[in-house]
Each structure stands twice: as structure tokens, then as C-alpha cells.
Amino acid sequence: SARTEGSSKNPRFELGGLGPLTVFVGPNAVGKTNIIEGIQLLTAQASFRNPTAAQMVRQGAPFARLDSWATDGSRELQFTLQVVDGKKKRLLNGKPKRAADLRGIVPSVAFTPDDLELARSASAPRRDALDVLGAQLSANHHRIRSDYEKALRGKNRLLRDEAPDDLVASMDEIMVMVGAQLTCYRAALFARLAKAMAGFYDQISSGKERLEASYVPSWLPHDPDRPGLVTPTRDEARQCLETALSARRGEERARRRSVVGPHADHLDFFIDGRNAAVYGSQGQHRSLVLAFKLAETSLIEDMLDQKPVLLLDDVMGELDADRRRALLAFALDDLQTFITTTGLSYFSDDLLSRADVVRL
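Given the structure is predicted, the values throughout are model-derived calculations rather than measurements.

Chemist: Just give me the short version of the overall build of the chain, but keep the residues and values in it.
Modeler: Assigned secondary structure in the chain consists of twelve helices and 13 strands. Here the C-alpha atoms of the chain give a radius of gyration of 22 Å, agreeing with the 21 Å that 2.2 N^0.38 yields for 360 residues. Within the chain, the proportion of its 360 residues that are buried is 49%. Here the chain displays about 17,300 Å² of accessible surface, and carbon together with sulfur accounts for 47% of that area. One way to put it: in the chain the 49 positive side-chain charges average out to a point 4 Å from where the 48 negative ones average out.

Okay, structure coming up:
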């Protein structure tokens, strides 16, 4: 089993049986991404594919099971995920646990080709990525997001069904209570992430470009050409959200869906003052997402005193040589890293000599 340094108070776990760098190499469609997804399901307790429980079971098989072992050098933990009859069951050393009990013990950061949408698209992927990070850092973050999504689905049903005003108003009270808290959690976390990202982007661009971030709650006007990092207090968020819901109730009735709340908050990135999603080049997009992922790992270590597992799924071909070197240099600085690739030409002989290369 692998061993890693750590204090007895804040042990640092690594997945056992493998060294700091593991490279899975093989042609397409042999299951390399399934391995990365499995590791993420056992660490972050989430998957970048967002599968249903039924989709996690091989066609024709009665169940699915994932196991991993982690050690901090003095004790070992076994994580198990079972999927039977469309239900997930999580175990730690054979004892049933909730996902919330397991997040953060061995956190992880995944980087896939789809993550380039973090730079190119609208705000939804960025909100989702922020929530996956927040859930590993705080059980409250995940719980509040789940409560808000339930309230949002309930309100949208009422609006579609043209329910009476008093029912919609009662649901708005719940939206205000949990929505304000979710916005505050996200905005505060995004401010820390953005600060770390700016430092990494400065390194990646050799100081030639400046990265800024913007978080604009749904109750404020959104200008996609102007950065604005808003971090409201909970009382401010409640008051503003309540006022906005009341003011836009007619619009929500007309659209038959909720238009105010953290599901509509805007998260943008700006390079030298210009919106990266609109004006950024492919190279700038890749640098931005690389900075995002490096900032995630840095934040996890700072807030949990635990180095995350880094999962790189087929991204070597998406990065040029300079960005690959920057990523691998960071990864090899005491991070346990798993990489999938269709070929080994992206890696130096020296790096491969230190890696566990698994051919599929």
C-alpha cells in the first residue's frame, strides 16, 4: 500500500496499492473513463457523468460494486459502493454510511475534456462545479443545495400547474430561506476560488494576462461585460431575494417557471477585462480551466488539510506542451494522480519511470 506523510490529528490518506502517479493507457472504449469515474464515486461521492443508479450497473448484471482502500501510514480504510435494485449503499470498513459522512476523507478533483465548458459556456456548469467542490468542503453546502433543488422543483410544478397564489407564496418562503444561504455559500467559496485561480493563471500566462471573476446574484442586473464579485451576508441575501421574488412573480407566472434564485446566479470569468466565454481564445479557455482545477486542489488542501486525489481523464491531448508541463509539475508535487490516455507520447521517459503504467 502507498504511504503518505501526515499528522495524527490531520491524517492524509492516499488510495492504497499504487504510487503517486498511475497512468492508464489503452485505446478508446476499453473502460479507462469508467476507472476514473469509479475513483471519483469513492472519493468525492459524485461523478462528472451524473449517472442514475441503474446506469451504473453493467447491462445484464444483477448489481455493481466498487471498492477502494486508503491509508495514512498508520491505519487503513475500505470504501465500498454497492448498487442493487436501483439503490446505492455506501460502506466504510463494512459499516453503512451516508455520502455526507464520507466526503472530505479522501477528496478528489477531476479534470475531463467536458470541463472546457467551464470557460466557454453560460453559468450552469460553473455553478455545478462549485457545488461539487463545496460538498467536499462542507456537509452543509451539499445539504442546503439539495434542499434548494427540492424547493425549486416543487415551485416549478406549482407554476406549471397554475397553482393559487398562496401556494406559490408559501413555496417562495422556503426558496428565500434556503436560497439565500446557498447564494452566500457559493459566493464566499467562489471568492476564495477566484483568488487562487488568479494566481495560477498568472503563472500559466507568465504574467502576460490578468484573470478576474464575477459572481452576480439573480436579484441584481447582470452585465456580462463588467466584472462584479458580490458576496452578500445572509440577511442581505434574504431581503434581496424576497423583494425580487415578489417583484417578478408576474414574470414567473407568465413563463411558468422560477426565474429568481441561486439557480439563476451568474458566474463569469474575465481575461484582461473581457468576458472569457465571449472573447477568449481556445488557448485562454484551456489556461482558465487549468487554473480552475489547480485552484480547487489548493483550496481543498488549505481548508481540509488533506491533499486531494487528482483525476485526469484524457485531457493531455486537450493541452499544449506548456500547459501539460504546468499541470504535471503541479500534480507531481505530492499529489496522488490518476491519468487516462490513449498513448504515452505526452509523457517524458523520466516521468514514466516513476509511474505505475497500467495497459488496458
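Chemist: Before we move on, could you go through the pattern of salt bridges and cite the residues and values that matter?
Modeler: Applying the stated criterion across every chain yields a total of 23 salt bridges. The partner of Arg49 in a salt bridge is Glu37, with the nearest N and O atoms 2.8 Å apart. Here Glu37 lies in helix α1 (residues 32–43) and Arg49 lies in the loop between α1 and β3 (63–71), a separation of twelve residues in the sequence. In this structure, Asp172 and Lys155 form a salt bridge, with 2.6 Å as the shortest nitrogen-oxygen distance. You can see Asp172 sitting in helix α6 (residues 165–204) and its partner Lys155 sitting in helix α5 (residues 139–160), a full 17 residues away along the chain. Like Lys155, Asp172 is buried. A single salt-bridge network, built from bridges that share partners, covers Asp128, Asp131, Arg145, Glu149 and Arg186.

Chemist: Lay out the packing of aromatic side chains with the relevant residues and their values.
Modeler: A full pass over the atoms with the stated rule returns five aromatic pairs. Between Phe190 and Tyr215, the aromatic rings sit 6.1 Å apart at their centres with planes inclined by 55°, giving tilted as the arrangement. With Phe190 in helix α6 and Tyr215 in strand β8 (residues 211–216), the pair connects residues that are 25 residues apart, well separated along the chain. Taken individually, Phe190 and Tyr215 each receive the classification buried, so the pair is uniform in this respect. Note on Phe200 and Phe330: the rings are 5.4 Å apart at their centroids and 90° apart in plane angle, and the pair reads as edge-to-face. Of the two residues, Phe200 is situated in helix α6 and Phe330 in helix α11 (residues 321–331); the sequence distance between them amounts to 130 residues.

Chemist: Mind laying out the layout of surface pockets, listing which residues take part and the relevant values?
Modeler: If a probe the size of a water molecule is rolled over the atoms, the empty space left behind becomes visible. Taken as a whole, the largest pocket holds about 840 Å³ of empty space. Of all the secondary structure elements, the ones that give two or more residues to the lining of the largest pocket are α1, β5 (87–92), β7 (108–111), α3 (117–120), α4 (124–137), α5 and α10 (282–304). With eight residues, α4 is the single largest residue contributor to the lining of the largest pocket. Classifying every residue of the lining of the largest pocket gives 14 nonpolar, ten polar and twelve charged. If you add up the space inside the second largest pocket, you get close to 490 Å³. Lining the second largest pocket are 17 residues, with Asn34, Glu37, Met56, Val57 and Arg58 positioned closest to its centre. Among the elements of the structure, α1, β3 and β4 (76–84) are those that each provide at least two residues to the lining of the second largest pocket.

Here is what the cut-offs are and how they apply
- The residue count restarts for each chain, going from 1 along the sequence in the order it is written.
- Reporting of local features is limited, given that this is a predicted model, to residues whose pLDDT is at least 70; pairs of side-chain atoms are given and counted only at 80 or more, and all residues count toward the totals for whole chains, interfaces and linings.
- Where side-chain values are given, they derive from all heavy atoms of the structure, hydrogens and water being excluded.
- Numbering of helices and strands runs from the N terminus, with a helix taken as a DSSP run of H or I at least four residues long and a strand as a DSSP run of E at least two residues long.
- The globule rule used here is 2.2 Å times the number of residues to the 0.38 power, and the radius of gyration it is set against is calculated over C-alpha atoms.
- Working definition: with a 1.4 Å probe on protein chains only, accessible area under 20% of the residue-type maximum means buried, over 50% means exposed, and in between means partly exposed.
- For accessible areas, the Shrake-Rupley method is used with a probe of radius 1.4 Å. Any residue's cover is judged against the shown protein chains and nothing else.
- Neither His nor the chain ends is counted toward charge; the positive residues are Lys and Arg and the negative residues Asp and Glu.
- We put the charge of a Lys on NZ, of an Arg on CZ, of an Asp on CG and of a Glu on CD.
- What makes a salt bridge here is a side-chain nitrogen of Lys or Arg within 4 Å of a carboxyl oxygen of Asp or Glu, nothing more.
- Pairing of aromatic rings covers Phe, Tyr and Trp, the last counted by its six-membered ring, and requires centre-to-centre distances within 6.5 Å; plane angles under 30 degrees mean stacked, over 60 mean edge-to-face, and any other angle means tilted.
- In this analysis a 1.4 Å probe is tested at points of a 1 Å grid over the protein atoms alone, and where it fits but cannot get out there is a cavity; an open set with protein on both sides within 12 Å along at least five of seven lines is a pocket; lining residues have an atom within 4 Å of a point.
- Grid points are joined across faces, edges and corners, and a volume is the space filled by probe spheres set on the points.
- Residue polarity is assigned by list, with Asp, Glu, Lys and Arg as charged and Ala, Val, Leu, Ile, Met, Phe, Trp, Tyr, Cys and Pro as nonpolar; anything else, Gly included, falls into the polar class.

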